[in-house]
Amino acid sequence: MTATLGSRTIRKNPRKQISKIILKKVVPPAVALIIFLVIWQILCLNPNFKLPGPIETFSETWDPFIIHPFFDNGESDKGLGWQILNSLGRVGLGFSLAAIVGIFLGILIGANKLLYTAVDPIFQVLRTVPPLAWLPISLAAFQQANPSAIFVIFITSIWPILINTTVGVQQIPQDYINVARVLRLKGPKYFLKIVFPATVPYIFTGLRIGIGLSWLAIVAAEMLVGGVGIGSFIWDAYNTTTETNLSEIILALVYVGLVGLMLDRLVDFVASKVVPEEQK
């Protein structure tokens, strides 16, 4: 890789660039993680500290939960891989429905001032309701655990998507609207040429917040509705608490955090490809 400056040619060493990236992006979090694990292990030396240390947690969950994450002994006795996949399936369905409904309603409400004035107080009240408070209503309505959990995901994640989309539509520059009038853009053309490009940064902000809330809500919901899922796994392990089960719970929490991070990064990656550079 070279760069020309006047009569000089400056060569960039790829190895040096990789080393800089490692020093800036990899080393600091790795050092922080090591310090955290050391502190955790030292705390466990206290006999009054009842949680297992990182070494004990790793050794107790190595087989089967780490090396065999997809074992299946029937019913709910499955590896953490299956538990995560079942939870992701519910999150994917609930979040997709929330994204479709939230974006559609957000555009509709943002474009109509009278409708916005009418429904905004209702939305502001509903969005403050904790996710698990919706669970009794969803169970009464659907009479089944799986649809109830999906509904909790939907109702939890729709608000940031809807509200951010509404704000995005309201923030469309007047110049854009004037251009649309001059060009007589209406219907789908107006949406594709004016509304969507102007609101897409707001939409993806809502989607990123929504996916995080979805993952938080599914873990809590599954603890109550049961079945196969990471939340149910954590709750079942807690109800039969032993030292080994505590290690399983800690490992499950690590998996939950890693999956939540990957979901957030996935939405951020899609946004980086969709959102125009000048709007980032």
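Along each chain, residue indices are assigned from 1 in the same order as the chain's sequence is written. The model is predicted, so local features are restricted to residues of pLDDT at least 70 and side-chain atom pairs to those at 80 or more, both for listing and for counting; the totals for chains, interfaces and linings are taken over all residues. To get the side-chain values, take all heavy atoms of the structure and skip hydrogens and water.

Participant: What should I look at first to understand the overall build of the protein chain in this one?
Facilitator: Numbering of helices and strands runs from the N terminus; a helix is a DSSP stretch of H or I covering at least four residues, while a strand is a stretch of E covering at least two. Of the regular secondary structure elements, the protein chain holds 10 helices and two strands. Helices (α) and strands (β) of the protein chain occur, in sequence order from the N terminus, as β-β-α-α-α-α-α-α-α-α-α-α. Relative to its length of 280 residues, the protein chain is extended, with a C-alpha radius of gyration of 24 Å against a globular reference of 19 Å. A simple rule labels every residue: compare its accessible area, found with a 1.4 Å probe on the protein chains alone, to the largest value its type can have, and call it buried under 20%, exposed over 50%, or partly exposed in between. Split into buried and exposed, the 280 residues of the protein chain put 35% on the buried side. If you take every contact in the protein chain between residues at least 6 apart in sequence, the share linking residues at least 24 apart comes to 65%. All accessible-area figures derive from a Shrake-Rupley calculation using a 1.4 Å probe, and residue coverage is judged against the displayed protein chains alone. Of the roughly 17300 Å² of accessible surface on the protein chain, a fraction of 68% belongs to carbon and sulfur atoms. Our radius of gyration is a C-alpha quantity, and the globule rule it is checked against amounts to 2.2 Å times the number of residues to the power 0.38. In what follows, a contact means two residues having at least one pair of non-hydrogen atoms within 4.5 Å.

Participant: How do you make sense of the nonpolar core when you look at a structure like this?
Facilitator: When a protein is soluble and globular, its nonpolar side chains tend to lie buried together. Ranked by internal contacts, the top residues of the largest apolar core, which has 48 residues, are Leu80, Leu207, Trp215, Ile230 and Ile234. Of all elements in the fold, only helix 3 (80-110), helix 4 (113-126), helix 6 (145-170), helix 8 (187-225), helix 9 (230-239) and helix 10 (243-274) reach the threshold of two or more residues within this core. For this core, the element with the most residues is helix 8, which contributes 11 residues. With sequence-adjacent residues up to four places away left out, Leu80 is seen in contact with Phe65, Pro69, Ile230, Phe233, Leu251, Ala252 and Tyr255. Grouped together as the second largest cluster of nonpolar side chains are eight residues, Ile107, Ile194, Val195 and Ala198 included. Only buried residues count toward a nonpolar core, which is a set of Ala, Val, Leu, Ile, Met, Phe, Trp, Tyr and Cys residues joined through side-chain atoms within 4.5 Å.

Participant: For this particular structure, what's the right way to read a positive patch on the surface?
Facilitator: Residues forming no salt bridge and having over 30% relative accessible area are the ones grouped into patches, like charges within 9 Å of each other and nonpolar side chains (Val, Leu, Ile, Met, Phe, Trp, Tyr) within 5 Å. Salt bridges are counted wherever a side-chain nitrogen of Lys or Arg sits within 4 Å of a carboxyl oxygen of Asp or Glu. Under the convention used here, Asp and Glu are negative, Lys and Arg are positive, and both His and the chain ends fall outside the count. Note on charges: their place is set at NZ of Lys, CZ of Arg, CG of Asp or CD of Glu. Taken together, the side chains of Lys16, Lys20, Lys24 and Lys25 make up a positively charged region of the molecular surface. Here Lys25 is to be found in helix 1 (residues 14-43). For Lys25, a relative accessible area of 64% corresponds to the exposed category.

Participant: Sorry, what's going on with the packing of helix 8 against helix 9 here?
Facilitator: What describes two packed helices is the angle between their axes and the distance between those same axes. Throughout, an axis means a line fitted to C-alpha atoms (over the contacting stretch in the case of helices), and angles, computed between N-to-C directions, take values from 0 to 180 degrees. Taken N-terminus to C-terminus, the directions of helix 8 and helix 9 make an angle of 45°; their axes are 7 Å apart at the nearest point. The pairing of helix 8 with helix 9 is recorded here as oblique in orientation. Helix-helix and strand crossings are classified by hand; for helix 8 and helix 9 the assignment is right-handed. On the side of helix 8, the interface is formed by Trp215, Val219, Glu222 and Met223, while helix 9 contributes Ile230, Gly231, Ser232, Ile234 and Trp235. For this scheme, ten residues count as nonpolar: Ala, Val, Leu, Ile, Met, Phe, Trp, Tyr, Cys and Pro. Four count as charged, namely Asp, Glu, Lys and Arg, and the remainder, Gly too, count as polar. Classifying every residue of the contact of helix 8 with helix 9 by side-chain character gives six nonpolar, two polar and one charged. Any angle that is under 35 degrees is reported as roughly parallel, and any over 145 degrees as roughly antiparallel; angles of 65 to 115 degrees are reported as roughly perpendicular and all others as oblique. By the definition used in this description, the sense in which the near helix is turned from the far one sets the handedness, with an anticlockwise turn below a right angle giving left-handed and a clockwise turn giving right-handed.

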